[in-house]
Every structure is written in C-alpha cells, then in structure tokens.
Amino acid sequence: MHNTLYGTIAPEIWARFAAVKLLVCDIDGVFSDGRIYMGNNGEELKTFHTRDGFGVKALRSAGIEVAVITGRNSRIVENRFKALGVPHIYQGQEDKRIAFNELLQQLALTPAEVAYIGDDIPDLALIEACGLGVAVADAHPLVAEAANYVTRIKGGEGAVRELCDLLLQSQGHSLTPKGASL
C-alpha cells in the first residue's frame, strides 16, 4: 500500500496514477458542486474552488496536460479554464468519447496514459475507457462503482485538487511548484 496525503492506495491503482500524462475533467459536479444559479435575466453563475485551480496549475507546471470535456456550454467555463492555462476545452459534448478520442490523437497518447474525473452517468464511458477512472466523493453510485478511485472530497469542494496532489505525488513532483498562483 502507498501512503498518501489522502490515505492509502493499493499498488496496482498507484501504478495507474504514475502513468498519467493527461487529466481530463468534467465540470458540473466536479469543479463545481453541480448546482447552477440562474438569475432573472438568464444569467448563469457557477462557483469554483481555488484549490482546484491551484492543483490544475501545479499539474501543468509538472508537464501533465489538462483538458475539460463537458456536456454544457458556458462562457464561465471558457473564462475560468483559459485563466488557468488549460488549452483543451471541449464544451457542448453530448458524446464525450468524440472529444476524448480527438485528444488522444492530438497528444499521441493511449487511454492508459489518461485519468478522467467525473460525477454522473454521462461520465461513465470515459471513466471506463481511461487508465485511471476517478469519481468524486458524492458521485452517482454507478459512477463510483465503475471508478478505480473515489476521492475523499466532494465535487466543488476540492476533489480535483485531491486528484492533482495524488498524480503529482505518484510521479515524484513537488506539491508546491514555484510560481504557481490561482
């Protein structure tokens, strides 16, 4: 067993963490708590945890690519992830496998080199297709059952940071990269 900041992880799962070169993330229920705030004039608001943003920047600083694939379209998502330096932003994806396969080709990666984090049924296909399928702590039970790892932290509360920390630790990178900010 491997001791981590978040508990112990079995060697075969730890090996999957160590092989990851790309982290692909869902948005709603993963970076956010899954709630969508709608104003009277149609404006939409989401909240993002700054710890997750720091984790994304730390991954990118360590040379691990990050992408988002989401079924919804939102200017908020575009703005947040451009600000974090994420170059691969796929929105409005009814079938997330299409964007996933495009990423694999573009980055010349195999599914075994990819981690995917999600929370609900539309994420199942990618959780099962990746080398490391991850569900947030409050994921739908079928998603948690299919995942190789379930975070201890809920979506929108730092679950992505937990995954980023574990990826960095498994690959021998510092959890406090120089020059990383939110």
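Higher on the page you've got the structure.
Note that the coordinates shown come from a computational prediction; the quantities given were computed from them, not determined experimentally.

Caption draft 1: Up close: the layout of surface pockets. In this structure, the largest pocket encloses a volume near 180 Å³. In this structure, the largest pocket is lined by 14 residues; those nearest its centre are Asp26, Asp28, Gly29, Asp119 and Asp120. Looking at side-chain class alone, the lining of the largest pocket contains one nonpolar, four polar and nine charged residues.

Caption draft 2: View of helix α1 (residues 11-18). Three or more residues of α1 are buried, namely Ile13, Trp14 and Phe17. The buried residues of α1 occupy an angular sector of 100° when projected down its axis, which confines them to one face. On the buried face of α1, the contacting elements are β1 (2-4), β2 (7-9), β9 (132-135), β10 (149-150) and α7 (159-170).

Caption draft 3: Spatial organisation of the pattern of salt bridges. Across all of its chains, the model carries 12 salt bridges by this definition. For the salt bridge of Asp28 with Arg72, the shortest nitrogen-to-oxygen distance reads 3.4 Å. Here Arg72 lies in the loop between β6 (65-69) and α3 (75-83) and Asp28 lies in the loop between β3 (22-25) and β4 (37-38), a separation of 44 residues in the sequence. Assessed through its relative accessible area of 32%, Arg72 is described here as partly exposed. Of the charged contacts in the structure, one is a salt bridge between Glu44 and Arg72, with a shortest N-O distance of 2.6 Å. Taken together, the positions of Glu44 in strand β5 (residues 44-45) and Arg72 in the loop between β6 and α3 put the pair 28 residues apart, joining distant regions of the chain.

Parameters and conventions
Residues numbered from 1 in each chain as written. Predicted model: local features only at pLDDT ≥ 70, side-chain atom pairs only at ≥ 80, totals over all residues. Heavy atoms only, no water. 1 Å grid on protein atoms, 1.4 Å probe; cavity = no way out; pocket = protein on both sides within 12 Å on 5 of 7 lines; lining within 4 Å. Points joined across faces, edges and corners; volume = space filled by probe spheres on them. Nonpolar A, V, L, I, M, F, W, Y, C, P; charged D, E, K, R; others polar. Buried < 20%, exposed > 50% of the residue type's maximum accessible area, 1.4 Å probe, protein only. Helix = DSSP H or I, 4+ residues; strand = E, 2+ residues; numbered from the N terminus. Arc of directions from axis to C-beta. Contact = heavy atoms within 4.5 Å. Salt bridge = Lys/Arg side-chain N within 4 Å of Asp/Glu carboxyl O.

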